[in-house]
Amino acid sequence: MSGAHAAADPYRIGHYGGSHQYTAEHAGGGLVSKRIITGYGFWIFLLSDIIMFSAFFAAYAVLVNATADGPSGRDLFDLGNVALETAFLLLSSFTCGIASIGAQRRRRGWFYIAMTVTFLFGLGFVLLEAREFASMNAAGYGPSRSAFLSAFFTLVGCHGLHVSAGLLWLLTMMAQVFAKGFRADILRRILCFSLFWHALDIIWVGLFTVVYLMGAGQ
Amino acid sequence: MLLGKLTWDAIPLNQPIPLVAAGVVGVVIVAVLIWVTVKGYVPYLWKEWITSVDHKRIGVMYCVLALVMLVRGFIDAIMMRSQQAIAFHAQGYLPPEHFNQIFSAHGTLMIFFVAMPFVIGLMNFAVPLQLGARDVAFPTLNSVGFWLTATGALLVNISLVVGEFARTGWLPFPPLSELKYSPGVGVDYYLWSLLISGVGTLVAGINLVTTVLKIHAPGMTYLRMPMFCWTTLASNLLIVAAFPVLTATLVMLTLDRYLGFHFFTNEAGGNMMMFMNLIWIWGHPEVYILILPCFGVYSEVVSTFSHKPLFGYRSMVMATMVICLLSFMVWLHHFFTMGAGADVNAVFGITSAIIAVPTGVKIFNWLFTMYGGRVTFSVPMLWAIAFMVTFVIGGMTGVLLAVPPADFLLHNSLFLVAHFHNVIIGGVLFGAFAGYEYWFPKAFGFKLHEGLGKASFWCWVVGFYVAWMPGYVLGLEGMTRRMQHYDVPEWRPWLIVAEGGAVIILAGIVLQVAQIFVSIRQRAALRDEIGDPWDGRSLEWATPSPPPAFNYAVLPTIEGEEPYWDIKQLARERLTLRDEPAYGDIEMPRNSPTGFVSAFFATFLGFAMIWHIWWLAGLAAFGAFATFVVFAWRDEDEYIIPADEVARIDRANRSARSAVLKRLAAMQVAQ
């Protein structure tokens, strides 16, 4: 660099240690494995998904009292049903963890059994939720009844749709392992699937608390 | 009904303007398709572009989409300017329902299908090169993201011929956008177009965040990354955090319209101000999603053309991340008039004004970068200088609008419209054009014609000032936005001046088109032989132009903030290149039609949902799922570029660079 430039910016303000020659750090710049990259990217997707849920949570919180002279959560929620749903979902997360370990150890039987149990618990959850929705609808308390019910059906239904999509994904992963075995790319997908499945649990905990517990306790 | 709501009435046979416009567009598209087929380019396009997962190709396609949509959006703009220039005590030539569609389509296109793809295209193209990487984190997803964006743009343009577009503005505020007041398909076109392209944008955001944070050449620590990588990181973090909110909000409106929900309706407890809050929680970060990458482009350009390192690099990083954070704390300034009360308005007014601080830091850093440098006034640098002047004006009117009492007077007036055109044209578009001129030689191997570039630059800048400075005056004179006709004589002269400005901008666009054609014809003379046409400082200039698929024959090892500048200085001192490295085989991701095919199904899904053709929607959704399963089933996702091929490509570039050094040596001997 010529002298004129040095005179214009003599202290090199904002540059590390004045000059790159003093820079000794090499950390953070190495090559990262595909597994890390995929998992990292999927985490970012999950964060964005949680932000989407947060918008639905916010809408629910705004509209929870906008019942338009219709029923409130207190009149509608059956905590027994919700407890069963919660149990199903949490247990499915446990078996999903077992399936992950099975995949890591390359045990096909272990993986298939654990995934099947996960599927059944997940399906049970979706069916329980569908039954709850259907009975509310039949009683005339569908999503068009009030803004509160619109927000309720959207928030809980969005989670239910996620679980349903997860079930589809689960079956696809079982088919993939059946057809291709525990290949590196398939193991990465199993990692993403289990992250997804556990994240749905986290969202359910929030949902269970904000919608059902607070709603029934009002 | 087999075709849902779709009947022959959807084609606007009785409206000459959209019909002719659609006819012209249709003829152009058919002509291009025929030309491509006759010339036998289809296999080439399919193999090298449509199914490409190369970040450079995808970046270029994003920019092409943006440029084409810019022309469409500008036609809307000049139609509105003309309408307002003649609609004094008269109806003008655009009936109200058509005028309303035009301003809605103009805003939607310019933000979502010009500004967004332009900046995402530039980031996609340049960031992996700057990081010393061979590709982005998720190449196939990258392609999916692009094609879903294209689907959104396609749906908006289909609305020109089949049905209508929204008449509700670029953001569909309820209750006007609810089924009761907008019973047509216009709002549905808007919703499905943005729901689909929103997924594409989110995918692009996740991909670029992961790329910047995880994929580097050895030694490329975070605080050695070029500024453009930092602003890319900030912008994509905002995409990941903000776009899900947009999707959720639009889903709520969709449910209101399709299934009779009551999120934003007047009845049954709906709350339309919740829409304003939610949409602006996305909407304000959105403007920073657009401007931050452009700040990065300016940083690169100003430093390169001042032939100095960027002044205050770390303060620039800090300013970028502070803007990233603050952008989520100001959304309420879009509706001070909601009536949230003095305290709330004051808080949001102050946070809005505070954003001027890190932005000011950036402006001063650019000025100090120029100070004492040898400034070359090439076209990218001209855009950067015009930006600094224009953006400061736009920023000051923004701070003015951030003062709640002033905003009560100026809300929804042309003053506001002039403000955001001032920052979006003067900030985002100028930045995109700077980046376009700056990286064009890297992408295609030859520079753009300098004279036409300068002519177009002057038309754009002068045209912008003539078109939009009157907007401030009109706003202060009380003119509100989106007026189809008016009867205030004081406004008329200013609106005629603004029309003149739009015509000058038109000249700028014509010159840009001419620039492309002339540059292609004169490409031999404009050729960039060595890959470093601007005497650049960051790593992308170490590659040949255009770079090979694998970018770097050998991954560079980074030891400073300006690695390429250091390598170049060393070569200039020693008058020789570094020793030839040991070449090895390189694994690169295979091309995949997944993006194109899933977007194909997404287009049908969107169209079917707009027209309530449920069976087709189900079929299209199944097709999209099947596409992903087929993709997941493939066995080979990479191919090998043999070491010989790598060596051949790298040696060609090395010999071009050696020739330059030999000329330099000869000159020194002569002296």
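Residues numbered from 1 in each chain as written. Chains lettered and ligands numbered in written order. Predicted model: local features only at pLDDT ≥ 70, side-chain atom pairs only at ≥ 80, totals over all residues. Heavy atoms only, no water.

Many descriptions give the size of an interface as the accessible area lost when the pieces come together. Opposite the 55 residues of chain A that make contact, chain B presents 61 residues. When chain A packs against chain B, close to 4,600 Å² is buried across both sides, 65% of that on carbon and sulfur atoms. Run the count over chain A and chain B and you get three salt bridges. Residue Arg183(A) is joined to Asp635(B) by a salt bridge in which the shortest nitrogen-to-oxygen separation is 2.7 Å. Across the chain A-chain B interface, the total number found is 11 residue pairs in polar contact (both at pLDDT 80 or more). Ranked by residue count, the leading element in the side of chain A that touches chain B is helix H2 (residues 34-63) of chain A, at 16 residues. (Contact = heavy atoms within 4.5 Å. Buried area = accessible area lost by both parts, 1.4 Å probe. Salt bridge = Lys/Arg side-chain N within 4 Å of Asp/Glu carboxyl O. Polar contact = N/O pair within 3.5 Å; in protein donor to acceptor, adjacent residues only side chain to side chain. Helix = DSSP H or I, 4+ residues; strand = E, 2+ residues; numbered from the N terminus.)

A few words now on the environment of Thr51(B). Residue and element names in this part refer to chain B. Tracing the backbone through its elements, the reader meets threonine 51 in the loop between helix H2 (42-50) and helix H3 (55-86). Spatially, the C-alpha atoms of threonine 51 and serine 143 are 7.7 Å apart, while their sequence positions differ by 92 residues. Residues contacting threonine 51, with those up to four places away along its chain left out, are Trp46, Asn591, Ser592 and Pro593.

Let us look at the UniProt feature "domain: Heme-copper oxidase subunit III family profile" (unreviewed entry) in chain A. Sequence positions flagged by UniProt for "domain: Heme-copper oxidase subunit III family profile" (unreviewed entry) are, in local numbering, residues 40-216 of chain A. Between the C-alpha atoms that bound residues 40-216 of chain A there is a distance of 38 Å. The span itself is 86% helix and 0% strand. (UniProt positions renumbered as here; feature names shortened; annotations may be inferred.)

Within the largest apolar cluster, 250 residues are counted, with the highest numbers of intra-cluster contacts made by Phe152(A), Phe263(B), Trp282(B), Trp366(B) and Trp611(B). Those residues in contact with Trp611(B) that lie beyond four places of it in its chain are Leu3(B), Gly4(B), Lys5(B), Leu6(B), Ala10(B), Val162(B), Gly163(B), Val185(B) and Tyr189(B). Counting residues in hydrophobic clusters, the runner-up holds eight residues, among them Tyr583(B), Ile586(B), Met588(B) and Ile641(B). (Core = buried A, V, L, I, M, F, W, Y, C linked by side-chain atoms within 4.5 Å. Buried < 20%, exposed > 50% of the residue type's maximum accessible area, 1.4 Å probe, protein only.)

Moving on, we get to the UniProt feature "transmembrane region" (unreviewed entry) in chain A. Residues and elements named next belong to chain A. According to UniProt, the positions carrying the feature "transmembrane region" (unreviewed entry) are residues 40-62, 82-103, 110-128, 148-170 and 190-214. Across residues 82-103 one finds 100% helix and 0% strand; the C-alpha atoms that close the span lie 31 Å apart. Between the C-alpha atoms that bound residues 190-214 the distance is 35 Å, and the span itself is 100% helix and 0% strand.

When the pLDDT values of chain B are averaged, the result is 91; 100% of them are 70 or greater. Reported confidence for the predicted complex is 0.89 by ipTM and 0.90 by pTM. (pLDDT = per-residue confidence, 0-100.)

A few words on helix H5 (residues 139-158) of chain B. The end-to-end C-alpha separation of H5(B) is 29 Å, in line with the 28 Å expected for 20 residues at 1.5 Å each. Counting buried positions over the 20 residues of H5(B) gives 17, a clear majority of the element. (Expected span 1.5 Å × (residues − 1).)

On inspection of all chains with the given rule, the structure shows zero disulfides over all chains. Cysteine Cys158(A) remains unbridged, with the sulfur of Cys96(A) as its closest cysteine sulfur at 19 Å. Here Cys63(B) stays free of any disulfide, with the sulfur of Cys294(B) as its closest cysteine sulfur at 11 Å. Given a relative accessible area of 13%, Cys63(B) falls into the buried group. (Disulfide = S-S within 2.5 Å.)

Attention now goes to the packing of helix H4 (residues 96-131) of chain B against helix H7 (residues 227-259) of chain B. Residues and elements named next belong to chain B. Relative orientation of the contacting elements H4 and H7 amounts to 135°, with a least axis distance of 10 Å. By the criterion of interaxial angle, the relationship of H4 to H7 is oblique. The two elements H4 and H7 cross, and the hand of that crossing is left-handed. Contact with H4, carried on its side by Phe112, Met116, Leu122, Met123, Ala126, Val127, Gln130 and Leu131, involves Phe228, Cys229, Thr232, Ser235, Asn236, Ile239, Phe243 and Leu246 of H7 and no other residues of that element. Partitioning the contact of H4 with H7 into residue classes produces 12 nonpolar, four polar and no charged. (Axes fitted to C-alpha atoms, helices over the stretch in contact; angles between N-to-C directions. Parallel < 35°, antiparallel > 145°, perpendicular 65-115°, else oblique. Left-handed = near helix turned anticlockwise from the far one by under 90°. Nonpolar A, V, L, I, M, F, W, Y, C, P; charged D, E, K, R; others polar.)

Evaluation of the coordinates by the stated rule reveals 19 salt bridges over all chains. Among the ionic pairs, Asp185(A) bridges to Arg183(A), the shortest N-O distance being 3.0 Å. Looking at Asp185(A), the relative accessible area reads 11%, which means it is buried. Note that Lys56(B) and Asp54(B) form a salt bridge whose closest N and O atoms lie 3.1 Å from each other. On the basis of relative accessible area, Asp54(B) is assigned to the buried category, the value being 14%. Through salt bridges with shared partners, a single ionic network connects Lys180(A), Arg183(A), Asp185(A), Arg189(A) and Asp635(B).

Residue and element names in this part refer to chain B. Along the chain, threonine 359 turns up in helix H11 (residues 356-370). Engagement of the side chain of threonine 359 in a polar contact is seen with the backbone oxygen of isoleucine 355, the distance being 2.8 Å. When residues no more than four places from it in sequence are discounted, the contact partners of threonine 359 are Phe295, Ile323 and Phe391.

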